[in-house]
Amino acid sequence: MVCNWGVVGPGFIARQAVIPAMQHASNGRVVALASRDQARAQEVAEQWQIEHVYTDYQALLDDPRVDAVYIALPNHLHCAWTIEAARASKHVLCEKPLALHAGEGERMLEACQSAGVQLMEAAMYRFHPRALRLRQLVEDGTLGQLRFLHCAFTFPLQDPLTYRLVPEYGGGALLDVGCYCVNALCWLVGAAPDEIVASVVRREAGGVDLDASGLLHFAHGVLGHFQCSFAAAEHQSIELIGSTGAVTVPLAFTAWQTDTTTLRLQIGGRLIHEEFAPADPYQLMVEHFAELLQNDAQIRYPPQEAIQTLRVLDAIRASW
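These lines cover the structure that appears in this document, whether it is placed above or below.

### Focus: the sheet that holds strand β3 (residues 52–54)
Taken in spatial order, the six strands of this open sheet run β3-β2-β1-β4-β5-β6, and their pairing is parallel. Looking along the sheet, the strands with just one partner apiece sit at the ends: β3 and β6 (119–121). Between one strand axis and the next, the sheet turns by 25° as a mean value, whatever way the strands run. Across four bridges, the pairing between strand β1 (residues 3–8) and strand β4 (residues 68–71) is parallel.

Written out as structure tokens, the structure is:
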């Protein structure tokens, strides 16, 4: 048995990463695609041999051949279409951030729980073997007691017409790439922060945040720092410093399926480079989601954690 996927909104990541991952997965395939841009939808459908194309999102949700949907719409549409998918008894893999704020995320989860369907945010980086190794280093005490964490995700946004620059669409660097940083900090610490101090830079009144940085205080004196930007040079990293060791992860979030990845571990005076063979985190993610539907497996990234991330993002924006 395979999971029959429907894709709502074939944007860049859907076309370049998620749809190929679904078509290469061992337990799933894309059977339907919905886009209000018919020419784009037809082109993607022909490229990946997708049988059914819709220009109406609800029509895809009403298709009985579809078991689960991947919602890749702009941020402000995640909540409404996840709820509609739940009403149609479709399981939902929703692009990050799960919602604009925690209140929306809670409504999405309530709708999915009431309908008896799964909900998961598409935080693909957490399925990469290197990310799992990073979490293991924390859990097994290799680094000792965590003291400092740093996460960064910055890149120069070149498209002036992108929805990422529209406040009403959930634009801004914090929701777009800062959500990775906040998610990783909370995941690695295993908790939400109890104190937040953050700053933001905008280029125009009423515009989206182009640069943001913040300090998060966690229990037991653990300090986390994040930075995200649409205006800085491309840079991604995770760094953890514990009482007995430290680890640095370059290009931490968007390793592609052909990329060999590394992490640098420092224990005492020894510097250890661990290398990881190419892996497709998108395929690992969609295969895990399909397994949830077929074998009642335990979800590795529950939606409550995505909502926790949204609460922290809400608090960061409130601190501005």
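### A closer look at the nonpolar core
One finds Trp5, Tyr70, Ile238 and Leu240 to be the most contacted residues of the largest nonpolar core, which totals 112 residues. Ranked by the residues each element gives to this core, the list is headed by helix α7 (residues 173–189), at 13 residues. Here leucine 240 is in contact with Leu134, Val138, Leu143, Leu146, Phe148, Leu149, Leu188, Gly245, Ala246 and Val247, once residues within four sequence places are set aside.

### Thoughts on helix α4 (residues 78–87)
Summarising burial for α4: seven of the ten residues are buried, a large majority. Three or more residues of α4 are buried, namely His78, Cys79, Trp81, Thr82, Ile83, Ala85 and Ala86. Contacts from the buried residues of α4 go to α3 (57–61), β4, β5 (91–94), α5 (102–115) and β6.

### Here we look at empty space enclosed by the protein
Per the counting criterion, the structure on display carries two cavities of 30 Å³ or more. Taken as a whole, the largest cavity holds about 90 Å³ of empty space. Lining the largest cavity we find Tyr125, His128, Arg130, Ala131, Leu134, Ile238, Val249, Ala252, Phe253, Thr254, Ala255 and Pro281. The leading source of residues in the lining of the largest cavity is helix α6 (residues 129–139), at three residues. Of the residues contributing to the lining of the largest cavity, the split by class is nine nonpolar, two polar and one charged. Approximately 40 Å³ is the volume attributed to the second largest cavity. Every residue along the wall of the second largest cavity is listed here: Lys96, Glu121, Ala123, Tyr125, Cys179, Tyr180 and Asn183. With three residues, the single largest contributor to the lining of the second largest cavity is α7.

### Overview of the packing of helix α1 (residues 12–24) against helix α2 (residues 38–48)
Axis separation between α1 and α2 bottoms out at 11 Å; the angle between their running directions is 40°. In terms of axis orientation, α1 runs oblique to α2. Here the hand of the crossing between α1 and α2 comes out right-handed. Counting all contacts with α1, which are made through Arg15, Ile19, Pro20, Gln23 and His24, the residues of α2 involved are Arg40, Val44 and Trp48. The residue inventory of the contact of α1 with α2, partitioned by class, reads four nonpolar, two polar and two charged.

### A few points about the layout of surface pockets
Its volume calculated, the largest pocket comes out at about 980 Å³. Lining the largest pocket are 38 residues; nearest its centre among them are Phe12, Ile13, Tyr163, Arg164 and Asp176. If you list the elements that add at least two residues to the lining of the largest pocket, you get α1 and α7. Here the element with the most residues in the lining of the largest pocket is α1; it accounts for four residues. Looking at the lining of the largest pocket, its residues break down into 20 nonpolar, nine polar and nine charged. Volume-wise, the second largest pocket comes out at about 270 Å³. What lines the second largest pocket is a set of 14 residues, among which Arg126, Arg135, Trp187, Arg300 and Glu305 lie closest to the centre.

Reading the values: rules and limits
- Residues numbered from 1 in each chain as written.
- Predicted model: local features only at pLDDT ≥ 70, side-chain atom pairs only at ≥ 80, totals over all residues.
- Heavy atoms only, no water.
- Pairing = 2+ DSSP bridges.
- Helix = DSSP H or I, 4+ residues; strand = E, 2+ residues; numbered from the N terminus.
- Axes fitted to C-alpha atoms, helices over the stretch in contact; angles between N-to-C directions.
- Core = buried A, V, L, I, M, F, W, Y, C linked by side-chain atoms within 4.5 Å.
- Buried < 20%, exposed > 50% of the residue type's maximum accessible area, 1.4 Å probe, protein only.
- Contact = heavy atoms within 4.5 Å.
- 1 Å grid on protein atoms, 1.4 Å probe; cavity = no way out; pocket = protein on both sides within 12 Å on 5 of 7 lines; lining within 4 Å.
- Points joined across faces, edges and corners; volume = space filled by probe spheres on them.
- Nonpolar A, V, L, I, M, F, W, Y, C, P; charged D, E, K, R; others polar.
- Parallel < 35°, antiparallel > 145°, perpendicular 65-115°, else oblique.
- Left-handed = near helix turned anticlockwise from the far one by under 90°.

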